[in-house]
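Chain and residue survey
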Amino acid sequence: ELKVEQNPLFLSMQEGKNYTIYCNYSTTSDRLYWYRQDPGKSLESLFVLLSNGAVKQEGRLMASLDTKARLSTLHITAAVHDLSATYFCAGVIIQGAQKLVFGQGTRLTINP
Amino acid sequence: DVKVTQSSRYLVKRTGEKVFLECVQDMDHENMFWYRQDPGLGLRLIYFSYDVKMKEKGDIPEGYSVSREKKERFSLILESASTNQTSMYLCASSLDGNSPLHFGNGTRLTVT
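Computed from a prediction, not measured in an experiment: that's the story for all the values here.

**Comments concerning the overall build of chain A**
- Counting its regular elements, chain A contains 0 helices and 11 strands.
- Each helix and strand of chain A, ordered N terminal to C terminal, gives the series β-β-β-β-β-β-β-β-β-β-β.
- Its C-alpha radius of gyration of 14 Å places chain A within 12% of the 13 Å reference for a compact globule of 112 residues.
- The buried share of chain A, reckoned over its 112 residues, is 46%.
- Counting only contacts in chain A whose residues sit at least 6 apart along the sequence, the fraction spanning at least 24 positions is 54%.
- Here chain A contributes 11 positively and 9 negatively charged side chains, and the mean placements of these two sets differ by 3 Å.

**Looking at the overall build of chain B**
- A count of helical and extended segments in chain B gives 0 helices and 11 strands.
- Seen in sequence order, chain B has helices and strands lined up from the N terminus as β-β-β-β-β-β-β-β-β-β-β.
- Relative to the globule expectation of 13 Å for 112 residues, the C-alpha radius of gyration of chain B, 13 Å, shows essentially globular dimensions.
- Summarising its shape, the C-alpha atoms of chain B cover approximately 40 × 25 × 25 Å along the three principal directions.
- Looking at the 112 residues of chain B, the share that counts as buried comes to 48%.
- In chain B, the share of contacts with a sequence separation of at least 24, taken over all contacts with a separation of at least 6, comes to 55%.
- Of the accessible surface of chain B, which amounts to about 5,400 Å², a share of 49% is contributed by carbon and sulfur atoms.
- Taking the 15 positively charged and 15 negatively charged side chains of chain B as two groups, their mean positions are separated by 7 Å.

**Overview of the side chain of B:Thr107**
Residue and element names in this part refer to chain B.
- Inspection of the secondary structure puts Thr107 in strand S11 (residues 107-111).
- Residue Thr107 is classed as buried on the basis of its relative accessible area of 1%.
- Among the polar contacts listed, one links the side chain of Thr107 to the side chain of Gln6, at a separation of 3.3 Å.
- A polar contact of 2.5 Å, which involves the side chain of Thr107, links it to the backbone oxygen of Ser8.

**Observations regarding the nonpolar core**
- A:Leu32, A:Trp34, A:Leu74 and A:Tyr87 are the most contacted members of the largest nonpolar core, which totals 25 residues.
- For this core, the elements supplying multiple residues, two or more each, are strand S2 (10-14), strand S3 (19-25), strand S4 (32-37), strand S5 (43-49), strand S7 (61-66), strand S8 (71-76), strand S9 (85-95) and strand S11 (106-111) of chain A.
- Formed by 20 residues, the second largest nonpolar core is a distinct cluster that contains B:Leu21, B:Phe74, B:Ala81 and B:Leu109.

**Examining the layout of surface pockets**
- There is about 630 Å³ of room inside the largest pocket.
- Contributing to the lining of the largest pocket are 28 residues, with A:Gln37, A:Thr86, A:Arg107, B:Gln37 and B:Pro39 lying nearest its centre.
- Broken down by secondary-structure element, the contributors of at least two residues to the lining of the largest pocket are S9 and S11 of chain A together with strand S4 (31-38) and strand S9 (87-94) of chain B.
- In terms of residue class, the lining of the largest pocket is built from 9 nonpolar, 13 polar and 6 charged.
- In terms of lining, the second largest pocket is formed by 20 residues, of which the most central are A:Leu2, A:Lys3, A:Val101, A:Phe102 and B:Arg44.
- Mapped onto the lining of the second largest pocket, the elements with two or more residues apiece are strand S1 (4-7) and strand S10 (97-102) of chain A together with strand S5 (42-49) of chain B.
- At 4 residues, the largest contribution of residues to the lining of the second largest pocket is made by S10(A).

**A closer look at the state of the cysteines**
Residues and elements named next belong to chain A.
- With the rule as written, the count across this model stands at 2 disulfides over all chains.
- There is a disulfide in this structure between Cys23 and Cys89, and the S-S distance comes to 2.0 Å. Here the disulfide of Cys23 and Cys89 is right-handed, its torsion about the S-S bond being about 85°. Remark: Cys89 occurs in strand S9 and Cys23 occurs in strand S3; sequence separation between them is 66 residues.

**What to know about the pairing of S2(A)**
All names here are of chain A.
- Of the two faces of S2, only one is covered, namely that formed by Leu11 and Met13; the face formed by Phe10, Ser12 and Gln14 stays uncovered.
- Bridge count between S2 and S11: 5 bridges; the pairing is parallel. Among the inter-strand pairings, Met13 is bridged to a residue of S11, identified as Ile110.

**As for the interface of chain B and chain A**
- Across the contact, 24 residues belong to chain B and 20 residues belong to chain A.
- Buried surface at the junction of chain B and chain A, both sides included, amounts to about 1,700 Å², of which 52% is carbon and sulfur.
- For the pair chain B and chain A, the interface holds 0 salt bridges.
- Inspection of the region where chain B meets chain A yields 5 residue pairs in polar contact (both at pLDDT 80 or more).
- Tallied by class, the residues present in the side of chain B that touches chain A amount to 11 nonpolar, 9 polar and 4 charged.

What counts and what doesn't
- Residues numbered from 1 in each chain as written.
- Chains lettered and ligands numbered in written order.
- Predicted model: local features only at pLDDT ≥ 70, side-chain atom pairs only at ≥ 80, totals over all residues.
- Heavy atoms only, no water.
- Helix = DSSP H or I, 4+ residues; strand = E, 2+ residues; numbered from the N terminus.
- Rg over C-alpha atoms; globule rule 2.2 N^0.38 Å.
- Buried < 20%, exposed > 50% of the residue type's maximum accessible area, 1.4 Å probe, protein only.
- Contact = heavy atoms within 4.5 Å.
- Lys, Arg positive; Asp, Glu negative; His and termini not counted.
- Charge placed at Lys NZ, Arg CZ, Asp CG, Glu CD.
- Areas by Shrake-Rupley, 256 points an atom, 1.4 Å probe, with all protein chains shown as cover.
- Polar contact = N/O pair within 3.5 Å; in protein donor to acceptor, adjacent residues only side chain to side chain.
- Core = buried A, V, L, I, M, F, W, Y, C linked by side-chain atoms within 4.5 Å.
- 1 Å grid on protein atoms, 1.4 Å probe; cavity = no way out; pocket = protein on both sides within 12 Å on 5 of 7 lines; lining within 4 Å.
- Points joined across faces, edges and corners; volume = space filled by probe spheres on them.
- Nonpolar A, V, L, I, M, F, W, Y, C, P; charged D, E, K, R; others polar.
- Disulfide = S-S within 2.5 Å.
- Pairing = 2+ DSSP bridges.
- Buried area = accessible area lost by both parts, 1.4 Å probe.
- Salt bridge = Lys/Arg side-chain N within 4 Å of Asp/Glu carboxyl O.

As structure tokens, then:
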């Protein structure tokens, strides 16, 4: 059974700082997704990581995947207030359809 | 852009009522999903469907059923609502087994 755990669950940081959110998963996952959710809104797909060593970057966010360690990271560089949101990672089980198993989410607050 | 539309944003029902949550997607996607989102637990999969009239149980199907009579529509049914089903319900769809999920805006259900 695939389990996905994120840490930290809450993160408060200042603008301009760097930080990393960690996503550990328990068994083999075909791929790893990162989503963003703003308060009261739905989930928005950020990245999909398909293979070991994969790295994707969009603006101040960079995601990477280490399948041997069963670890994905989401790195925030020089944080800005607009990045305040809840971030979810999700592993995948293929069972007819692609079933996503989500972590608990990391609520990120960036203070001016 | 893919649009996943959930019929109600907020819903208040009484214990024991039968509740229907409706979800429609407009991109001819094969797969559709129902998740519930609770603080500290992330998103948990209730049911999914990879074809019309096909349905599969997710991780927490108890107390729920689903219906997919047409490709674009996936309904979640609470046969007899209970207070522990108070939650945010998110519908999602994906084109196929390799594509990311697109989420609706969610239905916040309160059962009193």
